[in-house]
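Each chain, written out:
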Amino acid sequence: MHDQTPRLAPPEQNRLELLAPAKNLAYGIEAINHGADAVYMGGPAFGARSAAGNSIEDIEALARHAHRFGAQVFVAFNTLLHDHELEQARRLTHQIYEAGADALIVQDMGLLALDLPPIALHASTQTDNRTPEKVKFLQDVGFSQVVLARELSLAQIREISAATSVQLEFFIHGALCVSYSGQCNISHARTGRSANRGECAQLCRLPCSLKTPGGEVLVENSHLLSLKDMDQSANLEALIAAGIRSFKIEGRLKGLDYVKNVTAWYRQKLDAILESRSDLVASSAGRCTYGFTPDPKKSFNRGSTDYFLHGRQPGIDSPRSPKYVGEPLGRVTRVNKDGIEIDGQPVTLNNGDGLGFFKPGGELVGMRLNKVEEKAQSKRLLLSEPMPGLKVGTEIFRNHDQAFSKLLEKPSADRRIRVDMRLGEWDEGLSLTLTDEQGICATVTLPCDKQPADNPARALQQARDQLGKLGNTLFVARQIELAFNTPLFIAASQLNGLRRDGIAALETARLAAYRRPERRIPLRDAIYPQHRLSYLGNVLNSAAEQFFREHGVGSIAPAFEANKEEREVVLMITKHCIRYSQHLCPKEVPGLKAEPLELKMGKDSFRLRFDCHRCEMQVMGSLKR
């Protein structure tokens, strides 16, 4: 006999969601195993990372694995669509829904005018979600989760949270686009590869020079538009207080070691908060143990910043290099024919570590460590090959920790759902009830003769030992209760069979209790906050135009990807200000005259325009035919 008792999920406002990237099925499984409450991945087409697509079969397999823990799978469907792609997109949304995905991450509003399946919709950060009015509109037209702009401060997040009831998602880690997401057209203008179509050429990571209109070079060959990576490790509680409930890790193109390490890092951070907050719960089940000590500094990063969360601050850019520089080890004290010596630092180095340094011209060069010899006050590093440019005083960095990497190459996490077990008597034999950490129950029974044990203490201990052997299942015993009037003799084979049946029944009960989120019911009279849309409104197809007209927009220009803009226009809108970063801001330097500036990138020049009222910078340019 089996009894299955599903339980309703806690209210959304009480659930914290750790959302991790999944380049493919294997990465998604590891993200779940390392503690993600949800993962986001691309589908067969129309995802904002064109190099990270996945088949319907892989989405289905990942959903099966995630749902066992009550975790979710979101599919990035967040590019702009041409008219001829609408029907393919519509069919694909139904296939994704049938595969078991929990939500679509959407940019193109034309999708809302199509016959979609009843799948939950999330508004991508590509929809430029910066104001309460915009987020309220997205909520009213049917989005259940909105990814806020990375540039927002805590005060702005609080304002949006107070004005809306939609679940708010925020990036907490990973690469930063210098432009407001969805408002960058520089890649399409210069290469024909549109960021809004998932093909960004990342021109912002290239070296460039800063000039006056008269030709005076202020900064030469520097990565002026390249930013450090986001790291909100220290601000999670502040984000919770501001209203964030979904904490997103960037990185669908990053390596598996990054996914494992960073997911585990934030899982531990959020778990510590949950331990101290009885009013909050994780949005999925299971606790993780790790075979390594998570450390985000060990994975690819360009340095760290919490960006504008606490207001504008210096040092958010990474002008030296857009690559992973690594952790500083020390400076060269001697150069030998087969290697170097560096001043001693409390860091353990290993054969095979990756090292790097900047050559005098600013180029970042990598090398491999063949052998390390510890000395009293220094380390002797034998290198794989001679490295021209190394000299006394050069700073050395480690960008690959071989020992740490080897730990992550192995199975490195074990995620288990805590379960309480109660073995008791039944009229015709024994009953076993299992209740997991989310309150989902299953009961199984075993008809048998009940014989008093000759050795009660040994019988009780054997029962506990056999029931607690949960081995390769999803579960770990939290509490085992033996509810007998008189201790009974129960054969080990009977206990094992009862335990197996109970675990199978509980897994079935968990799947029966799982409910995919439902689509939010849209309000037909929702009015878009603007009555006119320029090319920055990203309307590329007739369905999107129909959508906006139905919601009160009278004038609609086609998206930049329609190639209609002949004049100089805004190609990029950024909160990052080169004037500020170069100490040329009139607000910061009294008496300084605000002169026009130009950005030279290769053969291309871009005029910089500064909106000091909004504290924003605009990169101006034209479509390159």
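Bear in mind the structure is a predicted one, so any value in this text is a computation, not a measurement. (Residues numbered from 1 in each chain as written. Predicted model: local features only at pLDDT ≥ 70, side-chain atom pairs only at ≥ 80, totals over all residues. Heavy atoms only, no water.)

**With respect to the domain arrangement of the protein**
Working step 1: Structurally, the protein comprises domain 1 (12-176 + 228-298), domain 2 (182-222 + 566-624), domain 3 (324-409) and domain 4 (413-513).
Working step 2: Each partner contributes to the interface: domain 1 provides 17 residues, whereas domain 2 provides 10 residues.
Working step 3: Buried area between domain 1 and domain 2, both sides added, is near 970 Å², and the carbon and sulfur share of it is 36%.
Working step 4: On the domain 1 side of the contact with domain 2, Leu80, Gln126 and Arg130 bury the most area, a combined 35% of that side's loss.
Working step 5: On the surface where domain 1 and domain 2 come into contact, there are two salt bridges.
Working step 6: One salt bridge connects Arg130 with Glu616, and the closest N-O pair in it is separated by 3.2 Å.
Working step 7: Summed over the shared surface of domain 1 and domain 2, the number is seven residue pairs in polar contact (both at pLDDT 80 or more).
Working step 8: Of the residues that constitute the side of domain 1 that touches domain 2, the class distribution is five nonpolar, seven polar and five charged. (Domains from an automatic or database assignment. Contact = heavy atoms within 4.5 Å. Buried area = accessible area lost by both parts, 1.4 Å probe. Salt bridge = Lys/Arg side-chain N within 4 Å of Asp/Glu carboxyl O. Polar contact = N/O pair within 3.5 Å; in protein donor to acceptor, adjacent residues only side chain to side chain. Nonpolar A, V, L, I, M, F, W, Y, C, P; charged D, E, K, R; others polar.)

**Digging into empty space enclosed by the protein**
Working step 1: Applying the stated criterion to the full structure yields two cavities of 30 Å³ or more.
Working step 2: Reported here for the largest cavity is a volume of approximately 40 Å³.
Working step 3: What lines the largest cavity is Arg312, Gln313, Pro314, Gly315, Ile316, Asp317, His576, Cys577, Tyr580 and Ser581.
Working step 4: Residues belonging to the lining of the largest cavity are distributed by class as follows: four nonpolar, four polar and two charged. (1 Å grid on protein atoms, 1.4 Å probe; cavity = no way out; pocket = protein on both sides within 12 Å on 5 of 7 lines; lining within 4 Å. Points joined across faces, edges and corners; volume = space filled by probe spheres on them.)

**Overview of the packing of aromatic side chains**
Working step 1: Evaluation of the coordinates by the stated rule reveals 11 aromatic pairs.
Working step 2: With a centroid separation of 6.0 Å and 80° between ring planes, the pair formed by Phe292 and Phe404 is classed as edge-to-face. Taken as a pair, Phe292 in the loop between β15 (287-290) and β16 (304-305) and Phe404 in helix α9 (residues 402-409) lie far apart in primary sequence, 112 residues in all.
Working step 3: Residue class for Phe404 comes out buried when judged on its relative accessible area of 11%.
Working step 4: On the basis of an interplanar angle of 80° and a centroid distance of 5.1 Å, the ring pair of Tyr528 and Phe548 is categorised as edge-to-face. With Tyr528 in the loop between α11 (492-513) and β29 (532-533) and Phe548 in helix α12 (residues 542-550), this pair connects stretches of sequence that are 20 residues apart.
Working step 5: Tyr528 gets classed as buried once you look at its relative accessible area, which sits at 8%.
Working step 6: Residue Phe548 is classed as buried on the basis of its relative accessible area of 6%. (Phe/Tyr/Trp six-rings, centres within 6.5 Å; stacked < 30°, edge-to-face > 60°. Helix = DSSP H or I, 4+ residues; strand = E, 2+ residues; numbered from the N terminus. Buried < 20%, exposed > 50% of the residue type's maximum accessible area, 1.4 Å probe, protein only.)

**Describing the nonpolar core**
Working step 1: Counting 112 residues, the largest nonpolar core has Ile96, Leu148, Ile157, Leu239, Phe247, Leu423 and Phe548 as the members making the most contacts within it.
Working step 2: By residue number, the principal contributor to this core is helix α8 (residues 256-276), which donates eight residues.
Working step 3: Per-domain counts for this core show at least three residues from each of domain 1 (12-176 + 228-298) and domain 4 (413-513).
Working step 4: Other than its neighbours up to four places away in sequence, Phe247 contacts Leu16, Glu17, Leu18, Leu19, Phe170, Ile172, Leu236, Leu239, Ile240 and Leu270.
Working step 5: Residues Ala189, Val569, Leu597 and Val619 belong to the second largest nonpolar core, which totals 40 residues. (Core = buried A, V, L, I, M, F, W, Y, C linked by side-chain atoms within 4.5 Å.)

**Structural notes on the pairing of strand β19 (residues 354-358)**
Along any regular strand the residues' side chains alternate between the sheet's two faces.
Working step 1: A large share of β19 lies buried, amounting to five of its five residues.
Working step 2: The alternating pattern of β19 places Gly354, Gly356 and Phe358 and Leu355 and Phe357 on opposite faces, both of which are buried.
Working step 3: Both β19 and strand β20 (residues 364-374) contribute to a ladder of five bridges, which runs antiparallel. Note that in β20 the partner of Phe358 across the bridge is Leu364.
Working step 4: Here β19 hands over to β20 after five residues, with Gly362 in that stretch at a positive phi of 100°. (Pairing = 2+ DSSP bridges.)

**Considerations on the UniProt feature "domain: Peptidase U32 collagenase" (unreviewed entry) in the protein**
Working step 1: In the numbering used here, UniProt assigns the "domain: Peptidase U32 collagenase" (unreviewed entry) feature to residues 396-511.
Working step 2: What you have in residues 396-511 is 34% helix and 41% strand, and the ends, taken at the C-alpha atoms, are 52 Å apart. (UniProt positions renumbered as here; feature names shortened; annotations may be inferred.)

**Re the confidence of the model for the protein**
Working step 1: Averaged over all residues, the pLDDT of the protein is 94; the fraction at 70 or higher stands at 98%.
Working step 2: Across residues 1-10 the pLDDT falls below 50, and counting only partners more than four positions away or on other chains, this stretch makes 23 contacts in the model. (pLDDT = per-residue confidence, 0-100.)

**Things to note about the packing of helix α1 (residues 25-33) against α8**
For any two helices packed against each other, one specifies the inter-axial angle together with the distance between the axes.
Working step 1: Packing of α1 against α8 leaves a shortest axis separation of 9 Å and a crossing angle of 15°. By the angle between their directions, the pair α1 and α8 is classed as roughly parallel. Crossing angle aside, the handedness with which α1 passes α8 is right-handed. Between α1 and α8, the residues in contact are Tyr27, Glu30 and Ala31 and Leu256, Val259, Lys260 and Thr263, respectively.
Working step 2: Across the contact of α1 with α8, the residue classes tally to four nonpolar, one polar and two charged. (Axes fitted to C-alpha atoms, helices over the stretch in contact; angles between N-to-C directions. Parallel < 35°, antiparallel > 145°, perpendicular 65-115°, else oblique. Left-handed = near helix turned anticlockwise from the far one by under 90°.)

**So, the packing of helix α10 (residues 456-467) against α11**
Working step 1: Contact geometry for α10 and α11: axes closest at 9 Å, N-to-C directions at 40°. On the basis of their axis angle, the class for α10 and α11 is oblique. Of the two elements, α10 crosses α11, and the hand of that crossing is right-handed. Along its contact with α10, which presents Gln462, Ala463, Gln466 and Leu467, the element α11 presents Ala492, Leu495, Asn496 and Arg499.
Working step 2: Grouping the constituent residues of the contact of α10 with α11 by class yields four nonpolar, three polar and one charged.

**Quick look at the environment of Ser153**
Working step 1: Assignment of secondary structure puts Ser153 in the loop between β7 (143-147) and α5 (154-163).
Working step 2: The exposure class of Ser153 is buried, given its relative accessible area of 14%.
Working step 3: With 357 residues separating them in the primary sequence, Ser153 and Arg510 have C-alpha atoms 39 Å apart.

**Comments concerning the state of the cysteines**
Working step 1: Applying the stated criterion across every chain, the model contains zero disulfides.
Working step 2: With no disulfide of its own, Cys184 has Cys200 as its nearest cysteine by sulfur position, at a separation of 5.9 Å.
Working step 3: Distance from the sulfur of Cys204, which forms no disulfide, to the nearest cysteine sulfur (Cys200) is 6.0 Å. (Disulfide = S-S within 2.5 Å.)

**Quick notes on the sheet that holds β19**
Working step 1: Strand order in the closed barrel formed by six strands is β17-β18-β21-β20-β19-β22, and the pairing between neighbours is antiparallel. Pairwise comparison of adjacent strand axes, ignoring direction, gives a mean angle of 50° for this sheet.
Working step 2: Bridge analysis of strand β17 (residues 327-335) against strand β22 (residues 395-400) gives four bridges, and the strand direction is antiparallel. Bridge pairing in β22 places Pro328 opposite Phe397.

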